[in-house]
Amino acid sequence: MGNKDVMDIFRNVITQPGNAYLDEWVASGKKVVGYYCSYIPEEIFSAAGLLPYRLRGAGSVDSSDGDAYMSARVCTFVRHTISLALRGELDFLDGVVLAQNCDHIRRAADIFKKKIKLPFYSFLSIPRIPKERLFDWYLEELKRLKAEVEAHYKVTVSGERLEEAIALHNATRQRVSSLYELRKKQAPPVTGEEALTITVAAHLMPRDTYNMLMDELLAGLATAGGVTKYRARVIITGGELDNPEYIAGIEQQGALSVAEAVCFGQRSFGGPVEDGAGDPLERIARHRFFQAPCARMVECFDEQIIALKDTMKEFQADGIIFQRMKFCDPWAGDGHNLYWRMRKEGIPFLGLEREYGVAASGQVGTRVQAFLEMIGK
Amino acid sequence: MAIAGKDRQDDWEVVYEGASGLMELYEADPESKGMNAIVKGFRNFTETLFTAQDEGRPIVWHNCGCSPELIRGIEGVQPMPIELLTVLQDLIGDVNYTVAAIDEAEAHGVAPEVCSIDKSAVGLVLKGLYPEPACGFYFNTPCDSQITAIKVLTELNNKPMRMMDVPYLSGDREARYLAKQFREAIPFLEEHTKRKFSWEKFREVCEESNRTAECLRDWNELRKHIPCPQVSKLVALNTALLVAFSGDPEGTEVAMAFRDEAKERIERGESAVAGGEIYRAVWYQDPVWWDLQFYDWMESELKLVIPMDLFGFYAAEALIDTSTPESMLEGLARKSLRVMPMSRQFKGPIDNYIDDYLLLCADYQADFGIFAGHVACKHGHGGIGLFREASREAGIPLLFFEFDMFDPRVTPIETIQEYISQFVEDVIRPRKEAA
Amino acid sequence: MNSSLVTAGIDIGSTTSKAALWIDGLLGPYVIGPSTTNPRATARECYEKVIEMAGLQATDVAYIFGTGYGRAKVAFADENISEISAHGRGARFLLPSARTIIDIGGQDTKVISLDANGEMIDFVTNDKCAAGTGRFLDFIARSVGIDVKDLAGLHASGSYQPVTLSSMCSVFIESEVINLVNDEVPLNSIIQGLHQAVATRVAALVKRIGLVQDVVVTGGVAKNAGLVDELERKLAVKVKTFPGDIDPQILGAVGAAIIAMQKYLKQGTT
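Below or above, wherever it landed, is the structure these notes cover. A quick note: this is a predicted structure, and the numbers were derived from the prediction, not measured.

## Brief notes about the interface of chain A and chain B
Then comes step 1: Listed by partner, the interface residues are 49 residues for chain A and 48 residues for chain B.
Then comes step 2: It is Arg73, Arg107 and Trp137 of chain A that lose the most area in chain A upon contact with chain B, and together they represent 18% of the buried surface on that side.
Then comes step 3: The tally of links between chain A and chain B comes to 10 salt bridges.
Then comes step 4: As a salt-bridge pair, Asp351 of chain B and Lys114 of chain A come within 2.6 Å of each other at their nearest N and O atoms.
Then comes step 5: The interface formed by chain A and chain B holds 29 residue pairs in polar contact (both at pLDDT 80 or more) in total.
Then comes step 6: Secondary structure elements with two or more residues in the side of chain A that touches chain B: helix 4 (64–70), helix 6 (103–116), helix 7 (135–153), helix 13 (301–314) and helix 14 (329–345) of chain A.
Then comes step 7: The element contributing the most residues to the side of chain A that touches chain B is helix 14 of chain A, with 9 residues.

## Regarding the interface of chain C and chain A
Then comes step 1: Chain C puts 16 residues into the contact, and the matching count from chain A is 15 residues.
Then comes step 2: For the pair chain C and chain A, the two sides together bury roughly 1400 Å², of which 46% comes from carbon and sulfur.
Then comes step 3: Where chain C touches chain A, the interface holds 1 salt bridge.
Then comes step 4: Ionic pairing is found between Asp122 of chain C and Arg343 of chain A, a salt bridge with its closest N-O pair at 2.9 Å.
Then comes step 5: At the surface where chain C touches chain A, the tally comes to 8 residue pairs in polar contact (both at pLDDT 80 or more).
Then comes step 6: Secondary structure elements with two or more residues in the side of chain C that touches chain A: helix 2 (83–94), strand 8 (120–126) and helix 6 (187–209) of chain C.

## Focus: the side chain of Thr252 of chain B
Then comes step 1: Considering the arrangement of structural elements, one finds Thr252 of chain B in helix 11 (residues 249–267).
Then comes step 2: Here Thr252 of chain B is in contact with Glu208, Arg211, Thr212 and Cys215 of chain B, once residues within four sequence places are set aside.

## Here's the deal with the sheet that holds strand 8 (residues 349–354) of chain A
Within a beta sheet, neighbouring strands are joined by backbone hydrogen bonds and run either parallel or antiparallel to one another.
Residues and elements named next belong to chain A.
Then comes step 1: A sheet is described by the order of its strands in space; here 4 strands give the open sequence 6-5-7-8, paired in parallel fashion. Lying at the two open borders of the sheet, with one neighbouring strand each, are strand 6 (255–261) and strand 8. Direction aside, neighbouring strands of the sheet carry axes that sit 30° apart on average.
Then comes step 2: In this fold helix 11 (residues 244–251) packs onto strand 5 (232–238), strand 6, strand 7 (319–325) and strand 8, with an angle of close to 145° to the strand it touches most, strand 6.
Then comes step 3: The strands that helix 14 touches are strand 5, strand 7 and strand 8; relative to strand 7, the one it contacts most, it runs at about 160°.

The rules behind each value
Residues numbered from 1 in each chain as written. Chains lettered and ligands numbered in written order. Predicted model: local features only at pLDDT ≥ 70, side-chain atom pairs only at ≥ 80, totals over all residues. Heavy atoms only, no water. Contact = heavy atoms within 4.5 Å. Buried area = accessible area lost by both parts, 1.4 Å probe. Salt bridge = Lys/Arg side-chain N within 4 Å of Asp/Glu carboxyl O. Polar contact = N/O pair within 3.5 Å; in protein donor to acceptor, adjacent residues only side chain to side chain. Helix = DSSP H or I, 4+ residues; strand = E, 2+ residues; numbered from the N terminus. Pairing = 2+ DSSP bridges. Axes fitted to C-alpha atoms, helices over the stretch in contact; angles between N-to-C directions.

Below, the structure written as structure tokens:
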């Protein structure tokens, strides 16, 4: 299978809430559990024989069901995911594991619990400050999740099974890393739109299948030509982004995304969970808790800046394009802070606002084009 | 008008003058014990703050999710809630100053959908109106918007800060987790204030906090009386009291004034609405901070009284056990999780939010509920569907409208008046007449 | 004429379309007309009109740049450029001391900041909310039955006593304004208040980016002296005008034509 065939598969997998792989999984009697956030380790699901499915709103054309419960004054991403759930379009889910990522998701959790009422529901309290002093609590929460999964699904999430899950998910991380390595070239083999398609797909299908498809893809890309026609290389960062079409709108102006430092992009993966002698759950917990922080986290802005600057350097980016969902408070804070920091450091930075599922409009095109003109590219 | 002997920036002087003016007004009215006490309290707080600054004593910023007992455990340290000047400007100063601060923050790039209290805090910091802190001590409750403001302020003032992670639930395990964080925060506070925390001082502070709590608990009970003995507008100020004065004898004085006034008025057979109210409502979500006279209008024009609201509700859970350091820290943790208004209801699952509403409607015999939908309140709006359903199931008519609790420009007062009049006229009056 | 260097700028905005010729370093003929649902055709029409006005043929024009919302639809243009750059560079060329450019358009408002070298260093747009754009003024003018062109005159008439409009949102301001009219508040006070409200919004955008003098205002709304007056009050600066009284509404087209000239010369073709 060539890389183009794999891209077609990935494109198909991400357009609707469900896909053929999920259908097959469910048909074989296995269970799918939904989650929203990178701080909830997929390894726990995999070790329990469950398929982790990352919630998104693709395929939701209208958020009115979500709006009725949540009003029009909250995040459209959340409203669309809830709309899908309320309309029964996420019926392949057997359960959800949620956390207080943000106020919007917290209320979405209430709706999952009271209205959608899946057989399995678990809620984690994830600390806001990714520092050692709160690590124990995070680990305890994961242990509690593990116990709840074991009790409900009548499985044992043993140390061995966790190690297997770590290996499985590390294999994905390694492949995504390889993909990102290729993007450091002057002529990256994929656009940002394609890369996000690839990384989004990982969250919606069985990992072993995904890993095999990635192998085919990477083999093909090794010899494929690259993108040469672009005006500038940019890093895309900011809040949750799982619509490759949005990136396409940006790239149409000539701003090639060489890395997506967003959820569903690079942030979802990171480096591998360490090998070693330590307890696997603890190793997984450390991996997640101390990952590159997002806007939800506090007392770690400097780390975020360093991570962003390192990424810029590694990928030889000319600037940063930041996007935020309207109504998002956490990213409003970071957006403000990033703007002024980048300005102080002379790093070209463009801030955009968006609504979920809306393709990059003419307005975005103008701003991106002006941004490129401004940085002389 | 000088504050603590010196000229200060305009915004503060306007507030101070406003407070002084109001105090004169209320002193002339012996009935207004409660209002007078809190206005005096605000004026005193302003003086105390500037005195601390003048004396070079360390100031620790905190937010409204954080009641300041732990900070007060360090002698000579002055806690300052970042909402302080905004609340004072709206209540007793000139709301145009708040509007200017909001605009300043938005002009600086803070997204307009962030809560106006938080935009205003950022704006006031940008305008250099707050005395510099030695450090910040913050809680991650009641909401994301607060955290956003805190992150922006920290970036602007570049002072060390520590945030307490208040977890999702409010049980024993959570109390221990929070108590441990308090203990670990003591060295942080000592390092940056360069003063020593004292368990003896902390004990005094917690005992004081308990005395305030007892008064507020009694006051809450007294307000259940029909007719409602005391004005509606007082209830919202309970939260301001707790945020600014917890652990401070001034707080107890104000709480006592609230309680005593209610008690005395019941004894004298007096009520907020002369002759007794016709309608009773629980005001849920945020008060109209920029026009407290609006509550007076409801009482005189609509004969509608708000016996209790979310901000006034003092959930009478256990007092702080002052036997040992551990018990004090845990007691404070429990207060933070389960008692502080807004933190109690806003965090965690929506049941926290809905259950208190239903409880208040029942306990205070409300004819209806008012969900004053402050536009930037994401968790509030995010839960509106479930909230409405719960209200309907409980048979409580619910009025919902949108406005901004600190920015008068979003929904003008006349419009809010119309919403409430129409609802009372079209929905509540017929129900009462039919009953 | 044969040795003249003629370039053209076509600005297809959401409300109006403009075309301008730049002939030997000076502004040539220009047109302003309404935008239509067929931007391709509108672009062509404007262009043909402006060449005709100059007595030229299409072959006389060395280089064409499209700009504005519909710039991609200027099919015959050699290149296109964002209206942000067009306004920025155009303003700078016409007034070398310009550092802050405020473009109040029909549907959006932009503020562009240039550094000491005239290079664009930052920009900010307000394209989600009508309050602070030309549309806002149109809307209110229509609801009280006056022509947008008369706003400036009304602003200047009578005494200066602007009424403070409390609504932030144009959706609510209409009823507020109608109430004021019914209460017999003098129309000029209402208009002054309206201009003040728009100026406040625009000033907030300027503050966001930081005001550096000289300040110029472009876009159709810049022709409203009342609004410019309020803007000057809010920003506490005097707004500069372009030499030769160039119509600020055509700055996008003029900027594009100037950029076309610069590009053409850089390419070194004769």
